[in-house]
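One-letter residues, chain by chain:
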Amino acid sequence: MNMEKPLKIKNLSKNYGDFSAVKDVSFDLEDGEIFGLLGPNGAGKTTLISCIVTLEKMSSGSISVLGSDVYEDSKQAKINLGYVPQEVINHGYFTVEEILGFYSGYFGILQNKEHITYLLKKLALYEHKDKKVKQLSGGMKRRLMIAKALVHKPKLLLLDEPTAGVDIELRNSLWEFVLELKASGTTVLLTTHYLEEAESLCDRIGVISKGELKKIGKTSDLISELTFRTLEVETTGKVELQNTEYLKKQEGNKLTLEFPSSLKIGEVISSTGLDLNSVADLQLKEGSLEDAFLKILNQGRM
Amino acid sequence: MFDFSKQNISTHPFIMLFWKEIRRYLKVMVQTVVTPAINSGLYLLIFGVSLGSSIDTGFDTPYLAFLISGLIMMSCLNNSFQNTSSSIISGKFSGDLEDLKVVPLSSQQIIWAMCLGGVTRGVMVSSVTMLVGQVFYYFTFGEFLEIHSWPALIFFLFFGALSYAKLGMFVAFLAKTFDQMSAVTAFVLQPLAFLGGVFFSLNNLSPFWQKVALFNPVLYLISGVRYSILGQSDVSLMSSVMVAIVSLVLFHIIVVLTISRSQFKRW
């Protein structure tokens, strides 16, 4: 077993003149996890990923992939890296299969037909293998980007908003594929705007805003720490609560209680002094990652 | 080292990029090889065959032979320059230049693989030009033009092509738009090539312009090829050799410095 972390980022900063796109960010990825990097547009997600793949030169800090520094030991670091950029890359005159052949070669593999065929089939591109990039649909182009990043079976896959502008069906199949990659031992770092996805896919998430890493943790922990649950209670008759701390709304027989996800439902109900005999119906709504996300982003402003 | 069935990140990425550069221009043969050959044919027809009889270069050989040697070097330089520069410019436009930064290729490997790819195109087109020239020569004089020195010819074609391939990389990496790229070609390279003695000898110029022309490095490169083919040229062989070596070293240094500071990002 390799004891080195798939990705280690230490005090990474990236400045453009006076503007800091990434400010002193440090975090590690654990072996075999899916890590989601969330943040609004312009938060620095793409800059951060660009620094990992050396498309952008960092201003200070260090990044290593499986123990290899991306600058000092560049080749070793890059051979373990698969990178799917946000924008689709065109390739002029070459066909899908040729592109994947070239890309394999760039990673030192001159004979890779078997794995390329596997990827083409897996990503539903096999029947389009003789087409040029411009003949492909938007979704196919995206899948080609992913195939390119996987020709050399990287240990760490970086996905920069791979599902932006992709229809739901394709999005779901892409995420299924990402889960398969995870099962085969690949570590994945992804950025996305679709919070529900991050919620269902990611083992851990980091929230980045204005270049700063605001929060990092297990997805479930972050949700329970930062989100609220809502409990809708329908009573048999009108009730008066002794404690209205968690009461958000009361309309006739309907009460809406809102409380931090870390609290137990029983505690909340008993603290309000509500008589269980008067309850006709209960409905619980879980707080979403979206709520947590907005809360983190708004912390500075509150 | 050359076991192609195994993964090897020290040599295989270089081999693949070199091969891709060749495949790229072969995909558009008409544009990259056939068009230059037709151009050379037209120059030979108009200047060589039709106007040539009234031009006296002061050389012992017919004007057609003088022109063929000039065209060979001009097509060699132009095409190697075109290959690296258009590969990089189109890579900036489509985004696949980014790929080179993300994969395990060093800057030196990128430079050499792309430049050697450019050299193959320069040498290929100049060979086609020579072939077309020989056909014209044969039909005009009933015999083929003899090559004075093959080693010298190979030396000048290779060094010239490599220097221009590096120059092409340098200009393309610096260029911020298509316009800037074509401005360099139109305002700097074409004039230098045309005034570098492809079509005329220094003997055809007035003493003042002869002195000016001696500052044009392309003159020495073209003269080198002219010497290799005809056994005589406007300037000494030694000065041509020196210019060929110095331009290669100079352009290599510039391109290394440029690439290490350049963005591979798309436009």
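Small disclaimer: the values here were computed from a predicted structure and weren't measured.

*Asks:* How should I be thinking about the overall build of chain A in this particular structure?
*Replies:* Within chain A, the regular secondary structure consists of 10 helices and 14 strands. In terms of overall dimensions, chain A has a C-alpha envelope of 75 × 45 × 40 Å along the principal axes. Restricting the contact set of chain A to residue pairs at least 6 apart, pairs at least 24 apart contribute 69%.

*Asks:* Got a minute to help me understand empty space enclosed by the protein in this structure?
*Replies:* In this approach a probe as big as a water molecule rolls over the atoms, and the regions it shows empty are the leftover space. Throughout the structure, instances matching the rule amount to 4 cavities of 30 Å³ or more. If you add up the space inside the largest cavity, you get close to 80 Å³. In terms of lining, the largest cavity is formed by H91(A), F94(A), I99(A), F102(A), Y103(A), Y106(A), K20(B), D96(B), D99(B) and L100(B). When contributions to the lining of the largest cavity are tallied by element, the ones reaching two or more residues are helix 3 (96-106) of chain A together with helix 4 (96-102) of chain B. At 4 residues, the largest contribution of residues to the lining of the largest cavity is made by helix 3 of chain A. Approximately 50 Å³ is the volume attributed to the second largest cavity.

*Asks:* I'm lost on the interface of chain B and chain A in this one. Help?
*Replies:* Note on interface size: it is often stated as the accessible area lost on association of the parts. Between chain B and chain A, the residue contacts involve 34 residues of the former and 29 residues of the latter. Surface buried jointly by chain B and chain A totals about 3100 Å² across both partners, of which 61% is contributed by carbon and sulfur atoms. Inspection of the chain B/chain A interface yields 3 salt bridges. Between E98(A) and R23(B) there is a salt bridge; the shortest N-O distance is 2.5 Å. Where chain B touches chain A, the interface holds 11 residue pairs in polar contact (both at pLDDT 80 or more). When contributions to the side of chain B that touches chain A are tallied by element, the ones reaching two or more residues are helix 1 (12-27) and helix 4 of chain B.

*Asks:* Would you take a moment to explain the layout of surface pockets for this structure?
*Replies:* Residue and element names in this part refer to chain B. Approximately 960 Å³ is the volume found for the largest pocket. Lining the largest pocket are 44 residues; nearest its centre among them are Q31, T32, Q82, S86 and R121. Contributing elements (two or more residues each) for the lining of the largest pocket: helix 1, helix 2 (29-51), helix 3 (63-94), helix 4, helix 5 (107-141) and helix 7 (178-194). With 15 residues, the top contributor of residues to the lining of the largest pocket is helix 3. In terms of residue class, the lining of the largest pocket is built from 19 nonpolar, 20 polar and 5 charged.

*Asks:* Which parts of the structure should I look at to understand the pattern of salt bridges?
*Replies:* Residues and elements named next belong to chain A. On inspection of all chains with the given rule, the structure shows 18 salt bridges over all chains. With a shortest N-O distance of 3.0 Å, E30 and K5 are connected by a salt bridge. Of this pair, E30 sits in the loop between strand 2 (19-29) and strand 3 (34-38) while K5 is found in the segment before strand 1 (7-16), placing the two residues 25 residues apart along the sequence. For E30, a relative accessible area of 35% translates into the label partly exposed.

*Asks:* Quick question: what am I supposed to make of the packing of helix 3 of chain B against helix 9 (residues 217-230) of chain B here?
*Replies:* When two helices pack together, their arrangement is given by the angle between their axes and by how far apart the axes lie. Residue and element names in this part refer to chain B. The geometry of helix 3 relative to helix 9 is characterised by a closest axis approach of 9 Å and an angle of 130 degrees between their N-to-C directions. As judged from the angle between their axes, helix 3 and helix 9 are oblique. Judged by the twist between their axes, the crossing of helix 3 over helix 9 is right-handed. Contact residues: helix 3 offers A65, F66, S69, G70, I72, M73 and L77, while helix 9 offers V218, L221, I222, V225, R226, I229 and L230. Within the contact of helix 3 with helix 9, the residues separate by chemical class into 11 nonpolar, 2 polar and 1 charged.

*Asks:* How should I be thinking about the packing of helix 3 of chain A against helix 5 (residues 138-150) of chain A in this particular structure?
*Replies:* Residues and elements named next belong to chain A. In the contact formed by helix 3 and helix 5, the axes pass within 9 Å of each other and the chain directions differ by 25 degrees. One element, helix 3, and the other, helix 5, form an angle in the roughly parallel class. Seen from above, helix 3 lies across helix 5 with right-handed handedness. The segment helix 3 lies against helix 5, with V96, I99, L100 and Y103 engaging L144, A147 and K148. Residues of the contact of helix 3 with helix 5, tallied by class, amount to 6 nonpolar, no polar and 1 charged.

*Asks:* What am I meant to see in the environment of P207(B) here?
*Replies:* With respect to the helices and strands, the residue P207(B) is situated in helix 8 (residues 207-213). For P207(B), a relative accessible area of 58% gives the class exposed.

*Asks:* Just checking my understanding: could you explain the nonpolar core for this structure?
*Replies:* Membership of the largest hydrophobic core comes to 145 residues, with the highest contact counts inside it found for L48(A) and M169(B). For this core, the leading source of residues is helix 3 of chain B, giving 15 residues. Contacts of M169(B), omitting those with residues within four sequence positions, involve T84(B), I88(B), I110(B), I111(B), M114(B), C115(B), V255(B) and I259(B). If you look at the next biggest cluster of nonpolar residues, it comprises 12 residues, including Y246(A), L255(A), L274(A) and V279(A).

*Asks:* Please clarify how a negative patch on the surface should be interpreted in this entry.
*Replies:* Residue and element names in this part refer to chain A. Residues E196, E199, E290 and D291 make up a contiguous surface patch of negative charge. Among the elements of the structure, helix 7 (195-201) and helix 10 (289-298) are those that each provide at least two residues to the negative patch. Within the fold, E199 resides in helix 7. Looking at E199, the relative accessible area reads 30%, which means it is partly exposed.

*Asks:* I tried to follow the confidence of the model for chain B on my own but got confused; where do I start?
*Replies:* Where the model shows low pLDDT, its predicted coordinates should not be examined in detail. On average, residues of chain B carry a pLDDT of 92, and 99% of them reach 70 or more. Reported confidences for the modelled complex are a pTM of 0.89 and an ipTM of 0.90.

*Asks:* Just checking my understanding: could you explain the side chain of K45(A) for this structure?
*Replies:* When you line up the elements, K45(A) lands in helix 1 (residues 45-52). Looking at K45(A), its side chain comes within polar contact range of the main-chain oxygen of P40(A), at 3.2 Å.

*Asks:* Could you clarify how one ought to interpret the environment of F81(B) in this entry?
*Replies:* Residue and element names in this part refer to chain B. Within the secondary structure, F81 is located in helix 3. Sequence spacing of F81 and G168 is 87 residues, and the spatial spacing of their C-alpha atoms is 4.6 Å. Apart from residues no more than four positions distant in its own chain, F81 is found in contact with Y164, A165, L167, G168, V171, M181, T185 and L189.

*Asks:* Can you walk me through the sheet that holds strand 14 (residues 279-285) of chain A in this structure?
*Replies:* Across a sheet, paired strands are connected by hydrogen bonds in the backbone, their directions being either parallel or antiparallel. All names here are of chain A. In space, the 4 strands of this open sheet follow the order 12-13-11-14, with antiparallel pairing throughout. Lying at the two open borders of the sheet, with one neighbouring strand each, are strand 12 (247-251) and strand 14. Strand-to-strand, the axes of this sheet are offset by a mean angle of 15 degrees, without reference to chain direction. The sheet contact formed by strand 11 (residues 228-235) and strand 13 (residues 254-260) spans 7 bridges and is antiparallel. In the strand pairing of strand 13, L231 is matched with L257. Helix 9 (residues 265-272) contacts strand 11, strand 13 and strand 14 of the sheet and is inclined by roughly 125 degrees relative to strand 13.

Reading the values: the criteria
Residues numbered from 1 in each chain as written. Chains lettered and ligands numbered in written order. Predicted model: local features only at pLDDT ≥ 70, side-chain atom pairs only at ≥ 80, totals over all residues. Heavy atoms only, no water. Helix = DSSP H or I, 4+ residues; strand = E, 2+ residues; numbered from the N terminus. Contact = heavy atoms within 4.5 Å. 1 Å grid on protein atoms, 1.4 Å probe; cavity = no way out; pocket = protein on both sides within 12 Å on 5 of 7 lines; lining within 4 Å. Points joined across faces, edges and corners; volume = space filled by probe spheres on them. Buried area = accessible area lost by both parts, 1.4 Å probe. Salt bridge = Lys/Arg side-chain N within 4 Å of Asp/Glu carboxyl O. Polar contact = N/O pair within 3.5 Å; in protein donor to acceptor, adjacent residues only side chain to side chain. Nonpolar A, V, L, I, M, F, W, Y, C, P; charged D, E, K, R; others polar. Buried < 20%, exposed > 50% of the residue type's maximum accessible area, 1.4 Å probe, protein only. Axes fitted to C-alpha atoms, helices over the stretch in contact; angles between N-to-C directions. Parallel < 35°, antiparallel > 145°, perpendicular 65-115°, else oblique. Left-handed = near helix turned anticlockwise from the far one by under 90°. Core = buried A, V, L, I, M, F, W, Y, C linked by side-chain atoms within 4.5 Å. Patch = residues over 30% accessible without salt bridge, like charges linked within 9 Å, V, L, I, M, F, W, Y side chains within 5 Å. Areas by Shrake-Rupley, 256 points an atom, 1.4 Å probe, with all protein chains shown as cover. Lys, Arg positive; Asp, Glu negative; His and termini not counted. Charge placed at Lys NZ, Arg CZ, Asp CG, Glu CD. pLDDT = per-residue confidence, 0-100. Pairing = 2+ DSSP bridges.

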